[in-house]
Structure formats: structure tokens, C-alpha cells
Amino acid sequence: MSKLIQLQKYILANDFQFSRLESSNNQDDRKHAVLTLAGYCAAVVMAIGYIVYIAFDLYINEESMLFFPILSSILFWALGFWTILSSIKKIIFSSDTELIFSLPIPLWQAKLFNVIKLMILYLLITAIAVFAGILLHMFILPDFWFVLLSSLILVVILPLLVITTTFIISLAVKILLNFLRIHSNVIEALLTFFLFLSPLLYITYNSASLNYKDIFSTSSPLYLFGIISNSTSEFGFFYLLSLLAITLVLVLITGYVFTKRYAFLVASYSTSSKRRARDSSTVSSNSSFKSLFSKELKLYLSSITYVSNTVLTPALLLIGSLAYLFNSSPLLYDTTLELSFITLSSKYIFILFTTVCILLTTTTSSSLSFEGQSIWILLTSPLPLMDLAKAKIALNMMLFVPGLACAILVYTQNFSSSLLDSLLFISFTITSLLLISITGFFVNLKFPNYNWSSEMEIIKQGKSTIITAIISTGLISITAILITLDFNFTFHLLLLVNVCIILFLIYKLRGSSLLME
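Residues numbered from 1 in each chain as written. Predicted model: local features only at pLDDT ≥ 70, side-chain atom pairs only at ≥ 80, totals over all residues. Heavy atoms only, no water.

Trainee: Explain the packing of helix H16 (residues 312-325) against helix H20 (residues 385-415) to me, and be specific about the residues and the numbers.
Mentor: Here H16 crosses H20 at 30°, and the two axes come no closer than 8 Å. What the angle tells us is that H16 and H20 run roughly parallel. Considering only the axes of H16 and H20, their crossing is left-handed. Residues Thr-313, Pro-314, Leu-317, Leu-318, Ser-321, Leu-322, Tyr-324 and Leu-325 of H16 pack against Leu-399, Phe-400, Pro-402, Gly-403, Leu-404, Cys-406, Ala-407, Leu-409, Val-410, Gln-413 and Phe-415 of H20. Looking at the contact of H16 with H20 residue by residue, the class counts come to 15 nonpolar, 4 polar and no charged. (Axes fitted to C-alpha atoms, helices over the stretch in contact; angles between N-to-C directions. Helix = DSSP H or I, 4+ residues; strand = E, 2+ residues; numbered from the N terminus. Parallel < 35°, antiparallel > 145°, perpendicular 65-115°, else oblique. Left-handed = near helix turned anticlockwise from the far one by under 90°. Contact = heavy atoms within 4.5 Å. Nonpolar A, V, L, I, M, F, W, Y, C, P; charged D, E, K, R; others polar.)

Trainee: Can you tell me about the environment of Gln-109, naming the residues and giving the values?
Mentor: Along the chain, the position of Gln-109 falls in helix H6 (residues 107-111). It is 9.2 Å that separates the C-alpha atoms of Gln-109 and Thr-259, two residues lying 150 residues apart in sequence.

Trainee: Break down the environment of Leu-445 for me, citing the residues and quoting the values.
Mentor: Within the secondary structure layout, Leu-445 lies in helix H21 (residues 419-446). Measuring from C-alpha to C-alpha, the distance between Leu-445 and Leu-368 comes to 7.0 Å, with 77 residues separating the pair along the chain.

Trainee: Please set out the side chain of Thr-313 residue by residue, giving values where relevant.
Mentor: Within the fold, Thr-313 resides in helix H16. For Thr-313, a relative accessible area of 10% translates into the label buried. Within the local environment of Thr-313, its side chain forms a polar contact with the side chain of Thr-361, the two groups lying 2.5 Å apart. In contact with Thr-313, other than residues within four places in its own chain, are Cys-357, Leu-360, Thr-361 and Phe-400. (Buried < 20%, exposed > 50% of the residue type's maximum accessible area, 1.4 Å probe, protein only. Polar contact = N/O pair within 3.5 Å; in protein donor to acceptor, adjacent residues only side chain to side chain.)

Trainee: Describe unusual backbone geometry, with residues and values.
Mentor: You will see that Glu-62, though not glycine, has its phi angle at about 55°, which is positive. Within the secondary structure layout, Glu-62 lies in the loop between helix H3 (27-60) and helix H4 (67-85). The phi dihedral of Arg-181 is positive, around 60°, even though this residue is not glycine. Within the secondary structure, Arg-181 sits in the loop between helix H8 (144-179) and helix H9 (185-205).

Trainee: Describe in detail the packing of aromatic side chains, supporting the description with residues and values.
Mentor: Per the counting criterion, the structure on display carries 22 aromatic pairs. Considering the side-chain rings of Tyr-411 and Phe-425, the 4.0 Å spacing of their centres and the 10° angle between planes classify their relative orientation as stacked. Of this pair, Tyr-411 sits in helix H20 while Phe-425 is found in helix H21, placing the two residues 14 residues apart along the sequence. Exposure remark for Phe-425: the relative accessible area of 0% places this residue in the buried category. By way of ring pairs, the aromatic residues Tyr-324, Phe-350, Phe-353, Tyr-411, Phe-415, Phe-425, Phe-428 and Phe-491 are connected into one cluster. One residue, Lys-174, lies across the ring of Tyr-269, its end atom 4.8 Å from the ring centre. Over the aromatic face of Phe-264 sits the side chain of Arg-261, whose NZ or CZ is 5.4 Å from the ring centroid. (Phe/Tyr/Trp six-rings, centres within 6.5 Å; stacked < 30°, edge-to-face > 60°. Lys NZ or Arg CZ within 6 Å of the ring centre and 35° of its normal.)

Trainee: Break down the nonpolar core for me, citing the residues and quoting the values.
Mentor: Counting residues in each nonpolar core, the largest one holds 65 residues, and the members touching the most others are Phe-350 and Leu-514. Examining the composition of this core, we find that 15 residues originate from one element, H20, more than from any other. When near neighbours in sequence (up to four residues on either side) are disregarded, Leu-514 contacts Leu-368, Ile-375, Leu-378, Leu-379, Leu-385, Leu-388, Leu-445 and Tyr-450. Grouped together as the second largest cluster of nonpolar side chains are 56 residues, Leu-112, Met-119, Leu-197 and Leu-240 included. (Core = buried A, V, L, I, M, F, W, Y, C linked by side-chain atoms within 4.5 Å.)

Trainee: Describe the packing of helix H23 (residues 463-485) against helix H24 (residues 490-510), listing the residues and the values that go with them.
Mentor: At a minimum axis distance of 10 Å, the contact between H23 and H24 shows a crossing angle of 160°. Put simply, H23 runs roughly antiparallel to H24. Taken as a pair, H23 and H24 cross one another with a handedness that is right-handed. Note on element contacts: H24 touches H23 through Thr-490, Leu-493 and Leu-494, opposite Thr-479, Leu-482 and Ile-483. Residue classes in the contact of H23 with H24 are distributed as 4 nonpolar, 2 polar and no charged.

Trainee: Could you give me a rundown of the pattern of salt bridges, with the residues and numbers involved?
Mentor: All told, the structure shown has 7 salt bridges when counted by the stated rule. Ionic pairing is found between Glu-63 and Lys-213, a salt bridge with its closest N-O pair at 3.0 Å. Of this pair, Glu-63 sits in the loop between H3 and H4 while Lys-213 sits in helix H10 (residues 212-218), placing them 150 residues apart in sequence. One salt-bridge network, in which partners are shared between bridges, spans Lys-295, Glu-296, Glu-371 and Lys-392. (Salt bridge = Lys/Arg side-chain N within 4 Å of Asp/Glu carboxyl O.)

No statement about biological role is implied by the geometric values presented.
Here it is as C-alpha cells:
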């Protein structure tokens, strides 16, 4: 077991860029490591800040007993969402799998190696969050020692529950789609997300308000995701025992599948379609936009990780816009957001929702790096860079077309005050989508990585992805501030900025060429 722990420590240090920071002599590698670590630290600080906010909000409303149900709910849904987003395949096998199986460790440890690694990571995250909550409530909660004991049990249960639940759902979806002979990474990703989030979506839909306390307390694992009533605002030993029993059953199922049916798992999650998609199409100077776009679409659909990390916001925009369009809940048009200095009406909430969905993710930030070693085909062809850029940018924009069309329809029918207002909203959303698409491609062009061993290296940890995410966060923040302040010429100003940056990036792209890392 000591060998396993030492190996886990080494790999986690490598995943979090500590090894690169300590041993690499390359200045760019060290900068990338620092940038990645800064991103992780920022995420931790924001998470702790949100925990403090929840604790304070519940305290001033005399609802502190809801804190741990709400915290456990947020941790479960956030970690589960992240697990699916990072690809379930990663906990079955990775680029290090062959090396791990060659090491002198028991076979069951080798099979469960990636599961154990994820368990350690989630255990640390849960422990930090839960014990930060305990410190905040040390002198407030009654029955403190019971809460402390329950929290210790929760720290162990929650990571196991997250990993086993997401794994079983993903495997069930894969088996179902294989039985139906449906081979689509988009359908698989969306169905997995939907099934996992369905209890939360159902509770949100039936909630009397969009108050986070009602939604997250009801959907908490401590209340068995709404099966047990949370009307008492307390969770007792029976609830915890029930959760422990459910977790134990899921762990036994997962353990059996990994130890006894590991070959089946590897076969189910392995695919060679990605390589075929990447290598099947040759690129020539005669390549039309249609053939380039077709190649890009096949390459995109060949990776469940690529799809999972980029299809969610287009799907969210479509589902949210349809909910508004068919008025699925009166709360959508009646809800206002009360801030300390301003009140946001449902119109501005919808504009912010649309903006966040459009700007939050883009396929282009890793589209060049995703070509991998086959980038030499593009490098040796006389294909103009702008032709390649058009195909990759068009793919990202295509994903948003259904949702954006519905959002425009919602705005023009329900929120627009005039024809000019409608035209400004349409122009702003389209240029925002084009802006983030071009920005992602331009950043990836400047910071490519073609020598990757894992898709996650470029899709979530790549330098271009991190930089694009920072830019997109900045754009969202600026847009949110201007919309919140409600200047008379907000849309005019945002539209002008978008167009200027787009023209500048196009000008820079025309003078650029593909670079090797």
C-alpha cells in the first residue's frame, strides 16, 4: 500500500504542475505551471469565499442548520459535474495505465489506480470545504459534537458517492446507446449530464422560488436528493445511515465491475475513431470550406472529452431559451435579482444568461492543439491559415445556432422595447459569439501544444485554454457591469468594442502562420 501512496503522490504532483515547476529548466514550462497553479488557487479562494457567504447568509436569517445539507449538495453536484466533464474514461485508463500495470503492485490496485487518485483529490476538496464550515459554525450549531462526527463521515462518503454515481450513470448510458447502436459522443455526453442532473433539475422546476437555499437543501445527499423531506431543517443519524448504506451498495457495484469486468470496461470506453477522424481527411490547396468543416466536425465528434467540455453551454442556452419561449415557469419572467445597490429585472437576467452561455466556452481554444501529431499535414500543405480558421470558428458558432436563434426569439417577443433594441441585441450576441470564437483560435495559434499524451492536457489544462478562459471571464465581467449599471448606450458600446476587437484579430490572423511548439 505504501508503494501505491507514493506513486499517487508523484502523479498528483505532476497533474498539479508541481513537478514541472520544480524540475523544468524551460521558462515557458515554468510559466505554464505557475499559470495553472494560480488558476487552481483562485478557484479555491472563490470556493471558500462562497462558503463564507452561504454561512453568513444563513446565520443572519437564523437558518444555520441548513448549512451542511446545502454544502453537501453543492459539493456533490459540482464534483459530479466536474467528473463527467473531465471524462469518466480517465478513471478507467489513462496514458499511464500500461506503466501502472507493469509495476509491482497488486492487480486490484492497478485497476482501481485512477479511481483512488480521484478519490484522494475529492477527499481533500471535501475536507477543506467541510472543515471550513465547521470552523465558521463552531459556536453557533447545537449538538456540535454530533455535527463534527457527521462531518467526518460525510468527508469520506461524499467523494465515494460522487465517483460511483457518475461512473454507474456513464456506464449505463454507454451500454444503452451501444444496445441501440447509437454511436454519437454528443448524445452520450448530453444524456449522461441530463441523467446525473435530473434530480436537481426536477427539484428546481418544482421549487416555489429560485432561492438557492430551497433548491440545494432539498437536493442534498443528506436528504437523499429530495426523497426525505427537509422540512425539519435538521439531518439525523437515520439520514446519515441511509446515505451510508446507499453509498456502500454503489461502491460494491463499482468495485465488482472494476475488478471482475475490467476488460469489458476498457473495451467499452476505448475507441479508435478519433485517430481515423484525424487522419482520414487529407488537406490540399483545393480544399473547400465544406470539406474542411466536415473534417473539423468529425474530429470534434470523435472525442467524448472534447464534446463534454464544449457542448454544455450551447445545450444550456437552448434549454434555457426554450423554457423562456414556452413559459415553463412563471418565475422566469417574474424573478428579479436584488443586489445591495441595484435591482436586476428578468430582462437583464436573461441578457446576462445569454452572454454567459455564449462567452463561457469555445471549441477554438484547443482546436489547433487537438490536431496532435497530424498537424504536419497542415504545415506541409499550401492551405491558407484563414481557410482553416474559418472552418474551426464555424464549428463553434454552429453549436450555438439553435440556442442563439431561440434566445433572439425570446428577447424580441418578450423583452424588446423597440425594433432598434432587437437589432442591437441580435448584433451584440452574434458579434460576441464571433469574438470569443476568433479569440480562442488566435490564442491557440500563439500557444499551441501538439505533443500531448492526454486530451485533458489541452482541453482543460492547456495554456491557450487557460488564457482564453481568463479573457472570457473578463468579457463576461465587463458586460455584466455595463448591463447592471444600465447605461442608455450599453448595447451600442458593447457592439462597438466587439466589432473593433474582431477586426483587429482578423487583421492579425491574416499576417500569421501555423507555429510548431
